[in-house]
Amino acid sequence: MKNTGFQKAVWLPYDKIRIGNFIMTKADKYPAATMRWADEMYTFEANLHSNFGNEGSSWTWAQPGDKGRDGNPAKYRLLIPFGRVQNESWAQYGLNYRTDKDWYAGQAITKQPDKEKMYYDITKKNYEPYKQQLDKIVPPLYFSKEDSEQLADLEKTITDYMTNMTARFISGDADIDKEWDSYVSTLDKMNLKGYLDIYQRAYDSTHKK
């Protein structure tokens, strides 16, 4: 029997850019040069260096005829197993910009069977058709100091309660039909509205058109 219910696959489009890993203090005598360095760290080649290590020993550019996991021409070859003990790379720390197409699908398949190719194909077939639309996903948000302090007080109480009740509803320990109104009422008493207002202000400040 075909499943005709609602299906959704979690997709994280904003995790391609690593944020919160760079600051510049007033002690910096060359802020313009520092920003140029930070900007360079987001390039594809800089990412290969920071995540894998030195060109020639840890990775190299793809050779003619190399195919990536999506069947298109590959971008690079990985020469060493990812995660090995080494002293060449930052191992994903620092500024990053890694797209699915260039980074994951763009790695050359140099031997068979390729486990990552199998994962890529299965995910593309079974999950991609149900991925969330981009306009339904909340982008990264930045909060004022005052809102951050209030959010810290609200978030743990609300999310802990939601996690607990979600597990109870799923396991049958709580009857979702009989206890739903009580669940919503409890969230209201926890100031869910204030919690949502904080997120709305943060969203409107940078993303509202």
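An account of the accompanying structure is given in this report. This structure is a prediction, so every number in the text was calculated from the model and none was measured.

## Concerning the packing of helix 5 (residues 145-171) against helix 7 (residues 192-207)
Two elements in contact, helix 5 and helix 7, have axes separated by 10 Å at closest approach and are oriented at 130°. By the angle class used here, helix 5 and helix 7 are oblique. Crossing angle aside, the handedness with which helix 5 passes helix 7 is left-handed. Contacts between helix 5 and helix 7 involve Asp147, Gln150, Leu151, Leu154, Glu155, Ile158 and Thr159 from the former and Leu192, Gly194, Tyr195, Ile198, Tyr199 and Arg201 from the latter. The residue makeup of the contact of helix 5 with helix 7, split by class, is 7 nonpolar, 3 polar and 3 charged.

## Some words on a nonpolar patch on the surface
A cluster of nonpolar side chains, contributed by Trp37, Trp90 and Tyr93, occupies part of the molecular surface with about 400 Å² of accessible area. Checked against the element boundaries, Trp90 lands in the loop between strand 2 (76-78) and helix 3 (100-104). For Trp90, a relative accessible area of 43% puts it in the partly exposed group.

## What to know about helix 5
Under the 1.5 Å per step criterion, the end-to-end length of helix 5 is 39 Å for 27 residues, consistent within 8% with the ideal 39 Å. The largest bend along helix 5 measures about 30° and falls at Leu154. Every buried residue of helix 5 is accounted for by Asp147, Leu151, Leu154, Ile158, Tyr161, Met165 and Phe169. Taken together, the buried residues of helix 5 touch helix 6 (176-189) and helix 7. Immediately beyond the C-terminal end of helix 5, within one or two residues, lies Gly172, with a positive phi of roughly 90°.

## Regarding the nonpolar core
In this structure, Leu151, Leu154, Ile158, Tyr161, Met165, Phe169, Ala174, Tyr183, Leu187, Leu192, Tyr195 and Ile198 together form the largest nonpolar core, which totals 12 residues. The set of elements that each furnish at least two residues to this core consists of helix 5, helix 6 and helix 7. The greatest single-element share of this core, amounting to 6 residues, is contributed by helix 5. Grouped together as the second largest cluster of nonpolar side chains are 8 residues, Phe44, Leu48, Trp59 and Leu78 included.

## Let's talk about the packing of aromatic side chains
In total, this model carries 14 aromatic pairs according to the counting rule given. Relative to Trp103, the ring of Tyr76 has its centre 5.8 Å away and its plane inclined at 35°; by these criteria the two rings are tilted. With Tyr76 in strand 2 and Trp103 in helix 3, this residue pair connects regions lying 27 residues apart in the sequence. In this structure Trp103 comes out as buried when scored by relative accessible area, which is 5%. Joined through ring pairs, the aromatic side chains of Phe44, Phe52, Trp59, Trp61, Tyr76 and Trp103 make up one cluster. The side chain of Lys75 reaches across the aromatic face of Phe44, ending 5.1 Å from its centre. Between Lys131 and the ring centre of Trp11, over which it is positioned, the NZ or CZ distance is 4.3 Å.

## What to know about the environment of Gln112
Within the secondary structure layout, Gln112 lies in the loop between helix 3 and helix 4 (115-126). For Gln112, a relative accessible area of 65% corresponds to the exposed category.

## Focus on the pattern of salt bridges
Two side chains of opposite charge can pair, provided their charged atoms sit close to one another. Taken as a whole and assessed by the stated rule, the structure comprises 9 salt bridges. A salt bridge links Arg201 to Asp147; its shortest N-O distance comes to 2.8 Å. Of this pair, Arg201 sits in helix 7 while Asp147 sits in helix 5, placing them 54 residues apart in sequence. For Arg168, the salt bridge identified is with Asp173, shortest N-O distance 2.7 Å.

How each quantity is defined
Residues numbered from 1 in each chain as written. Predicted model: local features only at pLDDT ≥ 70, side-chain atom pairs only at ≥ 80, totals over all residues. Heavy atoms only, no water. Axes fitted to C-alpha atoms, helices over the stretch in contact; angles between N-to-C directions. Helix = DSSP H or I, 4+ residues; strand = E, 2+ residues; numbered from the N terminus. Parallel < 35°, antiparallel > 145°, perpendicular 65-115°, else oblique. Left-handed = near helix turned anticlockwise from the far one by under 90°. Contact = heavy atoms within 4.5 Å. Nonpolar A, V, L, I, M, F, W, Y, C, P; charged D, E, K, R; others polar. Patch = residues over 30% accessible without salt bridge, like charges linked within 9 Å, V, L, I, M, F, W, Y side chains within 5 Å. Areas by Shrake-Rupley, 256 points an atom, 1.4 Å probe, with all protein chains shown as cover. Salt bridge = Lys/Arg side-chain N within 4 Å of Asp/Glu carboxyl O. Buried < 20%, exposed > 50% of the residue type's maximum accessible area, 1.4 Å probe, protein only. Expected span 1.5 Å × (residues − 1). Bend = angle between axes of the 7 residues up to and from the residue. Core = buried A, V, L, I, M, F, W, Y, C linked by side-chain atoms within 4.5 Å. Phe/Tyr/Trp six-rings, centres within 6.5 Å; stacked < 30°, edge-to-face > 60°. Lys NZ or Arg CZ within 6 Å of the ring centre and 35° of its normal.

In short, geometric facts, not functional conclusions.
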